[in-house]
Amino acid sequence: MRAKIVVTGMGMVSPLGCGVDKVWQRLVAGESGIKTITRFDIKEFPIKIAGQVPSHLDDESAGLDPETIVSRKERRKIDLFTLYALAAAEEALSQANWFPTSEDDQRATSTIIGTGIGGFPVITEAQRTLEQKGFKRLSPFVAPAFLANLAAGNLSIRYGFKGPLGCPVTACAAGIQAIGDGMRMIHSGETEVALVGGTEACIDPLALASFHALHALSTNNDSPTGASRPFDQDRDGFVMGEGAGLMVIETLEHALARGATPLATLSGYGTSADAYHITSGPEDGSGGAAAIKTALSRAGLVAEDIDHINAHATSTPVGDQAEVAALRNVFSDRLPNIPISATKSATGHLLGAAGGIESIFSVMAVCKNTLPPTLNLANPDQNFSDLNLVPNQSLEQETRHALCNGLGFGGVNASLIASKL
């Protein structure tokens, strides 16, 4: 029998604020983190809304203060996606009380942090500097700041983790794939503890304009909190978000031996490829269904065991439809009886970090027996009218097993199951 993998620490930076408990309180209360963009001039820009991480100056109780994470001098050497990962890691590692000092423990700790894009704002700023001031004005830290694996690299360096270091760059499935990679390493005996999850920070004019060119983003600029509307018939695209969600995972035996407190079990993980289209999944949802079925099989569960689903549900018509097709493929006639939450309605879509924070939301649902709401669900798409989409208010329900999905461009699918201990 395979060893049971448990979560012993969690950390989060999100549009709803920083800190797992505070963000969870706001999420289940139906608050939204989507607001008008303040990071750059939006006067002539088509996209004016996003899920920005709040500053401590705007949000005293849960805003991010960068200077508590890194010095001002060190801040110049990293991109925002690394800063967010550093903040989330400190919370997760503190809860897990995992700060190894022995060589054996350090080598037994892996760092697997996924991202969809990496240091995109550093790239766009460097390009402006190159064009306007010339190559001699480029910082020597441009490349180390934008490389996708540098969030994981900086975490490894800060905490002395000398085990495997990895970075899935698999679009919007990256966060869940990072967790799955860590699970595999623990099961194989390659590592004993893993810091895993996803981070992203690309609320940037070029990133937003690129997704806008795909007609993928909501243009409901006049109603920021109402713009992300998964499963609703009036949805018109996703809202960009940013942040990081990280976990410390290890075997139950290892956690108990060192006196850690297990929070929940990660019982199953599955991943697959659609092999179909660069941006759209197949209408029958077969690729996503394959990932879910693998996760169930690895967990030793059947479809009837799942009590809750945190859907990928970005709020794009094509994406929502394909995911529901995948769910119907797996759960068949039972699907209407399983509450499905779409938490991107509150946070926006964090791309490579989405699976990180939504996996944490799934763990919290299992621990708290509370299911977060799908905001802005006023008129469900007629194709979803039979489903329980937890509209607008959280739901109290005993939850043993929660499924979390991540689906990305290129046809990548990933599914994770969080279970009660």
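Before any of the text, the structure's been laid out above.
These figures come from a predicted structure and were not determined experimentally.

Q: Even after reading the chapter, I still don't get helix 11 (residues 286-299), so can you show me in this structure?
A: One turn of an α-helix holds 3.6 residues; hence residues three or four places apart share an orientation. For helix 11, which comprises 14 residues, the first-to-last C-alpha distance of 20 Å matches the rise-based estimate of 20 Å (1.5 Å per residue) to within 8%. Residues of helix 11 that are buried: Gly287, Gly288, Ala289, Ala291, Ile292, Ala295, Leu296 and Ala299. Buried residues along helix 11 sit against strand 9 (264-273), helix 12 (317-331), strand 14 (401-408) and strand 15 (412-419).

Q: Even after reading the chapter, I still don't get the packing of aromatic side chains, so can you show me in this structure?
A: The geometry of an aromatic ring pair is captured by two quantities: the separation of the ring centres and the angle between the planes. Inspection of the entire model under this criterion finds 7 aromatic pairs. Taken together, a centroid distance of 5.4 Å and an interplanar angle of 85 degrees make the contact between Phe40 and Phe45 edge-to-face. Take Phe40 and Phe45: they sit in the same class, and that class is buried. Clustering of aromatic rings is evident, with ring pairs tying together Phe99, Tyr159 and Phe161.

Q: Explain a nonpolar patch on the surface here, please?
A: A contiguous nonpolar surface patch, about 280 Å² in accessible area, is contributed by Leu130, Phe135 and Leu138. Secondary-structure assignment places Leu130 in helix 5 (residues 120-133). Take Leu130: its relative accessible area is 37%, and that puts it in the partly exposed class.

Q: Whenever I open this one, the side chain of Glu250 confuses me. Can you help?
A: Examined against the element boundaries, Glu250 turns out to sit in strand 8 (residues 243-251). One polar contact links Glu250 to Thr8, side chain to side chain, over a distance of 2.7 Å. Of the polar contacts made by the side chain of Glu250, one reaches the backbone nitrogen of Ala255; its length is 3.4 Å.

Q: What's the story with the pattern of salt bridges in this structure? I'm lost.
A: Any two side chains of opposite charge can pair if their charged atoms end up close together. Summed over the entire model, instances satisfying the criterion amount to 16 salt bridges. For Arg107, the salt bridge is made with Glu103, and the minimal N-O distance between the two is 2.7 Å. Of the two residues, Arg107 and Glu103 both sit in helix 4 (residues 103-107), 4 residues apart, roughly one turn of that helix. Of the charged contacts, one joins Glu103 and Lys162 as a salt bridge, the two residues approaching to 3.0 Å between their closest N and O atoms. You can see Glu103 sitting in helix 4 and its partner Lys162 sitting in the loop between helix 7 (150-159) and strand 6 (165-166), a full 59 residues away along the chain. Given the relative accessible area of 41%, Lys162 is considered partly exposed.

Q: I would appreciate a short explanation of the pairing of strand 5 (residues 109-114) in the present structure.
A: Every other side chain in a regular strand lies on the same face of the sheet, so the side chains alternate between the two faces. With 6 of 6 residues buried, strand 5 is to be regarded as a mostly interior element. Alternating residues of strand 5 divide into Thr109, Thr111 and Ile113 and Ser110, Ile112 and Gly114, and every residue in both groups is buried. Note: strand 5 against strand 6, 2 bridges, orientation parallel. Looking across to strand 6, one finds that Ile112 is bridged to Gly166.

Q: Is there a simple way to think about the nonpolar core in this case?
A: As a rule of thumb, soluble globular proteins bury nonpolar side chains together. Core analysis: the biggest nonpolar cluster contains 44 residues, and Met10, Met183, Met247, Ile249, Leu266 and Val363 have the highest contact counts within it. Top contributing element to this core by residue count: helix 14 (residues 354-368), with 8 residues. Filtering out sequence-adjacent residues up to four positions away, Met183 remains in contact with Ile5, Ile249, Leu266, Gly268, Tyr269 and Leu416. Core analysis: the next-biggest nonpolar cluster, separate from the first, contains 32 residues, Val13, Val70, Leu80 and Leu155 among them.

The rules behind the values
Residues numbered from 1 in each chain as written. Predicted model: local features only at pLDDT ≥ 70, side-chain atom pairs only at ≥ 80, totals over all residues. Heavy atoms only, no water. Helix = DSSP H or I, 4+ residues; strand = E, 2+ residues; numbered from the N terminus. Expected span 1.5 Å × (residues − 1). Buried < 20%, exposed > 50% of the residue type's maximum accessible area, 1.4 Å probe, protein only. Contact = heavy atoms within 4.5 Å. Phe/Tyr/Trp six-rings, centres within 6.5 Å; stacked < 30°, edge-to-face > 60°. Patch = residues over 30% accessible without salt bridge, like charges linked within 9 Å, V, L, I, M, F, W, Y side chains within 5 Å. Areas by Shrake-Rupley, 256 points an atom, 1.4 Å probe, with all protein chains shown as cover. Salt bridge = Lys/Arg side-chain N within 4 Å of Asp/Glu carboxyl O. Polar contact = N/O pair within 3.5 Å; in protein donor to acceptor, adjacent residues only side chain to side chain. Pairing = 2+ DSSP bridges. Core = buried A, V, L, I, M, F, W, Y, C linked by side-chain atoms within 4.5 Å.

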